[in-house]
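Single-letter residue listing:
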Amino acid sequence: MSRQKFWRQIRLPRFAGEANLPDKTYGQELSCHIVLTLAHSPVFSVCLRELRVWAKALAARIICRMAMRELKQEVLRYARQMMFDGLARGSQGNVSAIDRASGLIAITPSAADYSSMTEDDIVVVNAAGDVVEGRWKPTIETPLHTLVLRRRPDVGAVVHCHAPHVSGFAAALQPIPLVLAEAAACVGHEVPCAPFMPSGTAEFAALMLDVLGRGNAAVMGQHGLLTCGADLRRAYAAAVAVEDSARACIHARSLGFTPQPLPPQVCAELHQWWRVAYRRKGIASSDSA
Ligand SMILES: [Zn+2]
């Protein structure tokens, strides 16, 4: 009798006496006896339970690793995009995104050039900002990223950049009015400006969270721009939109005109439409709503 046929004919009994065993050799009979004895022993049930727990934990770890891998790739893509779009140069700015299932955050490393950065350079930190995985120090703005992600459950990603036209407003400590429909749709409110404070501290993070309020963009006084969103795509779209509005304001003024902010009600309605209509697209496609 083939081995497969033998095992196919064995039915696990409720108790050993119900075993429906085929004709067998002494060795096969002994094997059956061992299997049945083990199957009915309390030790076996405990082992089986432990095995299930271990398998579940292993599956959860694998799923978490896969999710973090994807998140790290996305953080790297948007960090590079920030450089390509001229919103940051060299190692300026930083990008983060959270995996809500595990609470882990993928974040760009400190003082690393985006052009040579790889997925393995992206650091993984927990909600407190402690490094969980990665060979580099996370960005100096980690307290800001982790605070926003902790306090805003609606936010899944944070972007900080040194967008050149936003910097004009940041230098003058001025809020940025929304003068273009797309900017109004992406952001939904005039972009407030925080007073200057040295960054990288818990105090600075608290100040920016306060200025950000329930919005998704705020100017860091004499520094740069902070945006956030449900995911990196939305957070990044907000950064581009604010920079576009800042540029339009500066161009209008340079032509001798006064830029006209869209009324708050119109901004709110456009933003509501954008939140519903905005669909996920590849990073290569336009960020236009
Ligand atoms: Zn900065």
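Quick caveat: nothing in here was measured; it's all calculated off a predicted structure. (Residues numbered from 1 in each chain as written. Predicted model: local features only at pLDDT ≥ 70, side-chain atom pairs only at ≥ 80, totals over all residues.)

Caption draft 1: View of the overall build of the protein chain. The secondary structure content of the protein chain amounts to nine helices and eight strands. By the burial criterion, 35% of the 289 residues in the protein chain qualify as buried. Within the protein chain, contacts between residues separated by at least 24 positions form 64% of all contacts whose residues are at least 6 apart in sequence. (Helix = DSSP H or I, 4+ residues; strand = E, 2+ residues; numbered from the N terminus. Buried ≥ 20, exposed ≤ 12 C-beta atoms within 10 Å, placed from the backbone. Contact = placed C-beta atoms within 7 Å.)

Caption draft 2: Expanded view of helix 5 (residues 164-171). Buried within helix 5 we find His165, Val166, Phe169 and Ala170. In an axial view of helix 5, the angular spread of the buried residues amounts to 150°, which keeps them on one side of the axis. As for helix 5, its buried residues are in contact with strand 6 (193-194), strand 7 (217-220), strand 8 (224-229) and helix 8 (232-254). Backbone geometry just downstream of helix 5 places leucine 173 in the positive-phi region, at approximately 55°. (Arc of directions from axis to C-beta.)

Caption draft 3: How the structure looks around the pairing of strand 8. With six of six residues buried, strand 8 is to be regarded as a mostly interior element. Pairing of strand 5 (residues 157-161) with strand 8, which is carried by five bridges, proceeds in the antiparallel orientation. Paired with cysteine 161 across the strands is leucine 225, a residue of strand 8. What sits between strand 7 and strand 8 in their antiparallel hairpin is a turn of three residues, with glutamine 222 showing a positive phi close to 50°. (Pairing = 2+ DSSP bridges.)

Caption draft 4: How the structure looks around the packing of helix 5 against helix 8. As a packed pair, helix 5 and helix 8 sit with axes 7 Å apart at the nearest point and diverge in direction by 70°. Looking at the two axes, helix 5 sits roughly perpendicular to helix 8. Classified by chirality, the crossing of helix 8 by helix 5 is left-handed. Each of His165, Val166, Gly168 and Phe169 in helix 5 lies in contact with helix 8, whose residues at this interface are Val242, Glu243, Ala246, Arg247 and Ile250. Per-class residue counts for the contact of helix 5 with helix 8 are five nonpolar, two polar and two charged. (Axes fitted to C-alpha atoms, helices over the stretch in contact; angles between N-to-C directions. Parallel < 35°, antiparallel > 145°, perpendicular 65-115°, else oblique. Left-handed = near helix turned anticlockwise from the far one by under 90°. Nonpolar A, V, L, I, M, F, W, Y, C, P; charged D, E, K, R; others polar.)

Caption draft 5: Quick look at helix 7 (residues 202-212). For helix 7, the complete set of buried residues consists of Phe204, Ala205, Leu207, Met208 and Leu212. The arc enclosing the buried residues of helix 7, seen along the axis, measures out at 160°, which places them on a common side. Facing away from the buried surface of helix 7 by more than 90 degrees, the exposed residues are Ala202, Glu203 and Asp210. Contacts made by the buried residues of helix 7 are with helix 4 (142-151), strand 6, strand 7 and strand 8.

Caption draft 6: Quick look at the confidence of the model for the protein chain. In the predicted model, the protein chain carries a mean pLDDT of 88, and 87% of its residues have values of at least 70. Residue range residues 12-18 is modelled with pLDDT below 50. Its contacts to residues more than four positions away, or to other chains, number six contacts. Here residues 282-289 is modelled with pLDDT under 50, and outside its nearest four sequence neighbours on either side it reaches eleven contacts, counting other chains as well. (pLDDT = per-residue confidence, 0-100.)

Caption draft 7: Region of interest: the nonpolar core. Membership of the largest hydrophobic core comes to 70 residues, with the highest contact counts inside it found for Val75, Val187, Met208, Val219, Leu225, Ala239 and Val242. If we ignore the near neighbours within four places in the chain, the residues touching leucine 225 are His160, Cys161, Ala163, Val166, Ala217, Val219, Met220, Ala239 and Val242. (Core = buried A, V, L, I, M, F, W, Y, C linked by C-beta atoms within 7 Å.)

Caption draft 8: Inspection of the environment of glutamine 265 at higher detail. Considering the arrangement of structural elements, one finds glutamine 265 in helix 9 (residues 264-277). Along the backbone, glutamine 265 and glycine 188 are 77 residues apart, and their C-alpha atoms lie at a distance of 9.1 Å.

Caption draft 9: Here's a closer look at unusual backbone geometry. The backbone of alanine 111 sits at a positive phi, close to 50°, despite the residue not being glycine. Phi is positive for leucine 173, which is not a glycine, with a value near 55°.

Caption draft 10: Representation of the sheet that holds strand 6. The eight strands lie next to each other as 4-3-2-1-5-8-7-6, forming an open sheet whose pairing is mixed. With one partner strand each, in any of the chains shown, strand 4 (131-133) and strand 6 form the two edges of the open sheet. Note that strand 1 (residues 94-99) and strand 5 share four bridges and pair antiparallel. Residue alanine 97 lies in a different strand from strand 5, and its bridge partner there is alanine 157. Contacts from helix 4 reach strand 1, strand 2 (104-107), strand 3 (123-125), strand 5 and strand 8 within the one sheet, and its direction differs from that of strand 2 by about 140°.

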